[in-house]
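# Observations on the model geometry
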Amino acid sequence: VPVLFKQTLENTEMEEGKSVSLRCELTKADATVVWKKGEATLQASAKYEMKQKGTLAELVIHNAEPEDA
């Protein structure tokens, strides 16, 4: 059975230099989630924090800049 999005990402506006959180909900708990920006796969770092609990996946971007759009 394929994993689908129950709740997709929504456009979010934020202030430069602040943190922003992007969340999506999946149809299957603990499915592997890969966050990308264009073709580049994002890796956990001081800038990008990935969280996943059950069916909820979250990406937190710290110190957001216009290039993070």
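To keep things clear, this report deals only with the structure shown in the data block. Model, not experiment: these values are computed from the prediction. (Residues numbered from 1 in each chain as written. Predicted model: local features only at pLDDT ≥ 70, side-chain atom pairs only at ≥ 80, totals over all residues. Heavy atoms only, no water.)

## Regarding unusual backbone geometry
Positive phi values are uncommon outside glycine, yet Asp30 reaches one of about 60°. Locating Asp30 in the fold gives a position in the loop between strand S2 (20-26) and strand S3 (36-37). Its relative accessible area of 60% is what places Asp30 among the exposed residues. At Asn63, a residue that is not glycine, the phi angle is positive and equals roughly 50°. Positionally, Asn63 belongs in the segment after strand S6 (56-61). Judged by its relative accessible area of 47%, Asn63 is partly exposed. (Helix = DSSP H or I, 4+ residues; strand = E, 2+ residues; numbered from the N terminus. Buried < 20%, exposed > 50% of the residue type's maximum accessible area, 1.4 Å probe, protein only.)

## Structural notes on the sheet that holds S2
Ordered by their spatial adjacency, four strands build an open sheet running S1-S2-S6-S5, and the pairing between neighbours is antiparallel. One side of each edge strand has no neighbouring strand; the edge strands of this open sheet are strand S1 (5-7) and strand S5 (48-53). Going across the sheet, the axis of each strand differs from the next one's by a mean of 30°, ignoring polarity. Where S2 and S6 come together, six bridges link them in antiparallel fashion. Along S6, the bridge assignment pairs Val20 with Ile61. (Pairing = 2+ DSSP bridges. Axes fitted to C-alpha atoms, helices over the stretch in contact; angles between N-to-C directions.)

## Observations concerning the pattern of salt bridges
One pass over the full model with this rule turns up five salt bridges. The salt bridge partner of Glu49 is Lys51, with a shortest N-O separation of 3.8 Å. Assessed through its relative accessible area of 31%, Glu49 is described here as partly exposed. Here Lys51 falls in the partly exposed class, since its relative accessible area comes to 40%. Here the residues in one salt-bridge network are Lys47, Glu65 and Asp68, joined through shared partners. (Salt bridge = Lys/Arg side-chain N within 4 Å of Asp/Glu carboxyl O.)

Honestly, that's just the spatial picture; any functional story needs more than this.
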